[in-house]
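Residues per chain, in single letters:
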There are 2 protein chains.
Amino acid sequence: MKKRPSTITDIAKSLNIAASTVSRALHDSPSISKETKQAVMKMAKQMDYQPNMLAVSLLSKRTKTIGVIVPEITSYFFSTVISGVQDMVNEAGYKLVICQSNESFEEEQKLIETLALNRVDGFLISPASKTMKFTHLERLRSSGIPVVVFDRDCPGFDADRVLVDDFDGAFQAMEYLIKTGCRRIAHIAGPKNLTTCQHRMDGYIKALQKHQIPVDESLIEWVEGFTSEDGEEATKRLLDRRSRPDAIFAINDAVAIGAMAIIRDKGLRIPEDISIVGFDDEPYSKYFHPSLTSVWQPVYELGMLSSKILMNHLASDLDVTQFRYELLKPELIVRNSSRPV
Amino acid sequence: MKKRPSTITDIAKSLNIAASTVSRALHDSPSISKETKQAVMKMAKQMDYQPNMLAVSLLSKRTKTIGVIVPEITSYFFSTVISGVQDMVNEAGYKLVICQSNESFEEEQKLIETLALNRVDGFLISPASKTMKFTHLERLRSSGIPVVVFDRDCPGFDADRVLVDDFDGAFQAMEYLIKTGCRRIAHIAGPKNLTTCQHRMDGYIKALQKHQIPVDESLIEWVEGFTSEDGEEATKRLLDRRSRPDAIFAINDAVAIGAMAIIRDKGLRIPEDISIVGFDDEPYSKYFHPSLTSVWQPVYELGMLSSKILMNHLASDLDVTQFRYELLKPELIVRNSSRPV
DNA sequence: CTGTTAGCGCATTCAT
DNA sequence: ATGAATGCGCTAACAG
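Thresholds, definitions, all that
Residues numbered from 1 in each chain as written. Chains lettered and ligands numbered in written order. Predicted model: local features only at pLDDT ≥ 70, side-chain atom pairs only at ≥ 80, totals over all residues. Heavy atoms only, no water. Helix = DSSP H or I, 4+ residues; strand = E, 2+ residues; numbered from the N terminus. Rg over C-alpha atoms; globule rule 2.2 N^0.38 Å. Buried < 20%, exposed > 50% of the residue type's maximum accessible area, 1.4 Å probe, protein only. Areas by Shrake-Rupley, 256 points an atom, 1.4 Å probe, with all protein chains shown as cover. Lys, Arg positive; Asp, Glu negative; His and termini not counted. Charge placed at Lys NZ, Arg CZ, Asp CG, Glu CD. Least-squares fit on C-alpha atoms with pLDDT ≥ 70 in both. Contact = heavy atoms within 4.5 Å. Core = buried A, V, L, I, M, F, W, Y, C linked by side-chain atoms within 4.5 Å. Domains from an automatic or database assignment. Buried area = accessible area lost by both parts, 1.4 Å probe. Salt bridge = Lys/Arg side-chain N within 4 Å of Asp/Glu carboxyl O. Polar contact = N/O pair within 3.5 Å; in protein donor to acceptor, adjacent residues only side chain to side chain. Nonpolar A, V, L, I, M, F, W, Y, C, P; charged D, E, K, R; others polar. Pairing = 2+ DSSP bridges.

Considerations on the overall build of chain A
Here is step 1: Along its length, chain A carries 12 helices and 12 strands.
Here is step 2: Taking 2.2 N^0.38 as the reference for a compact globule, 341 residues should give roughly 20 Å; the C-alpha atoms of chain A span a radius of gyration of 26 Å, well beyond that estimate.
Here is step 3: Seen through its principal axes, chain A has C-alpha atoms that stretch 90 × 40 × 35 Å.
Here is step 4: With 341 residues in all, chain A has 56% of them scored as buried.
Here is step 5: When the accessible surface of chain A is summed, it comes to about 15,000 Å², and 53% of that surface belongs to carbon and sulfur atoms.
Here is step 6: Averaged over its 42 positive side-chain charges, chain A has a centre that lies 5 Å from the centre of its 45 negative ones.

Focus on the relation of the copies chain A and chain B
In summary, the two copies of the chain are related to each other by a rotation about an axis coupled with a shift along it.
Here is step 1: Of the transformation placing chain A onto chain B, the axial shift is 0.0 Å and the rotation is 180 degrees, giving an RMSD of 0.1 Å. Here the copies are linked by what is in effect a two-fold axis. Within chain A, the C-alpha atom positioned nearest to the axis of rotation is that of V97 of chain A, 2.4 Å from it.
Here is step 2: Most of the interface of chain A is mirrored in chain B: 98% of its interface residues are interface residues there too.

Some words on the environment of K133 of chain B
Residues and elements named next belong to chain B.
Here is step 1: Tracing the sequence through the fold places K133 in the loop between β3 (122–125) and α7 (135–142).
Here is step 2: Note on K133: relative accessible area 47%, which makes it partly exposed.
Here is step 3: Distance in space between the C-alpha atoms of K133 and G156 is 8.5 Å, their sequence separation being 23 residues.

Concerning the nonpolar core
Here is step 1: Ranked by size, the top nonpolar core spans 102 residues in total, and within it I276 of chain A together with I276 of chain B carry the most contacts.
Here is step 2: Each residue touching I276 of chain A, except ones within four places of it in the same chain, is listed here: I248, A256, A259, M260, I263, I270, L292, T293, S337 and S338 of chain A.
Here is step 3: Within the second largest apolar cluster, 52 residues are counted, among which are V70 and V89 of chain A together with F78 and L302 of chain B.

Structural notes on the domain arrangement of chain A
Residues and elements named next belong to chain A.
Here is step 1: Segmenting chain A into domains produces domain 1 (8–51), domain 2 (65–164 + 299–329) and domain 3 (166–297).
Here is step 2: The distance between the C-alpha centroids of domain 2 and domain 3 comes to 29 Å.
Here is step 3: Contacts between domain 2 and domain 3 engage 15 residues on the former and 14 residues on the latter.
Here is step 4: Between domain 2 and domain 3 the total buried area reaches about 1,300 Å² when both faces are included, carbon and sulfur atoms providing 57% of it.
Here is step 5: For the pair domain 2 and domain 3, the interface holds zero salt bridges.
Here is step 6: Across the domain 2-domain 3 interface, the total number found is four residue pairs in polar contact (both at pLDDT 80 or more).
Here is step 7: Residues that form the side of domain 2 that touches domain 3 fall into these classes: seven nonpolar, two polar and six charged.

Quick look at the side chain of S6 of chain A
All names here are of chain A.
Here is step 1: Tracing the backbone through its elements, the reader meets S6 in the segment before α1 (8–15).
Here is step 2: S6 sits in the buried class, given a relative accessible area of 11%.
Here is step 3: A distance of 3.0 Å separates a polar side-chain atom of S6 from the backbone oxygen of M47.
Here is step 4: Ignoring anything within four residues of it in the chain, the contact list for S6 reads M47, D48, Y49 and Q50.

Thoughts on the pairing of strand β10 (residues 293–296) of chain A
All names here are of chain A.
Here is step 1: Bridging between strand β9 (residues 275–280) and β10 involves four bridges; their strand directions are parallel. Within the sheet, the bridge partner assigned to G278 lies in β10 and is S294.
Here is step 2: Where β10 and strand β12 (residues 331–333) come together, three bridges link them in antiparallel fashion. Along β12, the bridge assignment pairs V295 with L332.

Pasting the structure below:
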């Protein structure tokens, strides 16, 4: 027996007053007498009145909701960003609608459209690896819906963005490997059109060049995804080549873990034969054996800052004239999968 | 320059027809002539018309949205359940609002209220570890909003529930440990009021009893959370006691990983000195060294099934008279952190 | 085939 | 201090 939720009109009727009076009373308007206020409050409680936010939103044109699009929710990186976002927006009274694109452009496009139809007030987006054009984001902007891009940049799409200095992270990792005597450093790289992966690749190359180590194409392998299985496959291919690497800089920790498994299978030692460095510094990384050297990223801060910028736009509803660009600093965490200095 | 989104009325005006005609045309109603349909469609495209789902929802009293409340989004378990849910509900045209309670009763309560105010059509809930009374869920039921509880049961709250047979999982793990010669089997248990943890504890006890092994209270340790750090602390306490365990059955993989780290620190061997078994079978578990024996749970299926049941309720809007109770079967995955048979 | 009317639940004029 | 009227954007019942 689903009861119809009681409305402001219901309260008004049972009290023989106007709906507008009830509305004002519930909002504690100063132009309402103490008596009617109390009567309304009491009746509201009695009838278990719950305001219908749909009606409020329709009228106010604001849903107090922000849409978050991430490639996948299961990864440590993105789920932690979301936690940061959550904690930030809660205080401002905003709700979150979290969606995953599964790295698919089509899904991403569809999600954005759906959320726009449902009138979310703003977007926090990290594009799918398959996303190469940004017309769907342009549309949002032309509808006046603020968008903040995080972690993965959208080249050619001008917007607020909060990124991590992936180049610097990779560079730190590489300099450390070189300093500890590695010379044949392999890189297991991620999808080519992700800016994060491009920048890590740049860091890899630039560090080699700085130390006059020639870039050897046979030391570079690519993965489509970011799983340990991908890392295993790439490492197998790498080790099958003529001359072995003495270090592997992996695009992330999961891939690095896969690499470690294969290297151990082949009877090689870490880090004596091959050093390993990952990226992300996942919580588990220090528990592997050997513990994984990795580039830590300020993940939680990434979420906080991105949402803070978005909140600012929503608060001041002037038009955005200039976009913010924030670059957060990563930090190499040295553990035992790489040689000591 | 935020343009006001164009509405059905805008289209109607610029075409000099009635709004209802436009509405019908957009819905491809058979009672509209080909010509007007085409004209409407064309104008809609030209004006970049996007239906306002808030208005639609207000009218239809259905938002096509379901609320998902999990204790935390960062865990492998819950984020994977969500993936299952996502894949299921997408086909039915439902959206997901995902929220985390952070294991707090107050947050859980608040989230549920907020989502209810925003008129989600149904709920998928796994209660926080701090949640001990379910009046907030009772309220949902009395408002006629369907609720499906998953993984963690709500004792005393009658609802559809989709659970994992934690007792059986624990029992499988324990029988295996006993079969491989372990006798002083410790258990690192989770929060006492979580049904999942209770049932694992029951499995632990019952297996011991079946094999006439006395239950030794000094072999039982408790953790508040589910992190590796919690596991480390608990294991330290365990190893500080007079007589050491020859096996540890941990409440989950993260805790088991923490246990392994401490055991290795103490110079003990796994599994020769102490066998370890976890619960969850996280993707990384096979990559630890030694690889972790663990109880696998049908996580994705859990999400699919829970949401399927919810979808059924939403489709047939008769009242729910009887609640479904589904118990999914876990499975022990034997690896190298436990002795061979 | 199309237009008119009404109403979803609410907040905000404008009256009184 | 309160009520009546209006409209957010849309759909549906009821005319014609």
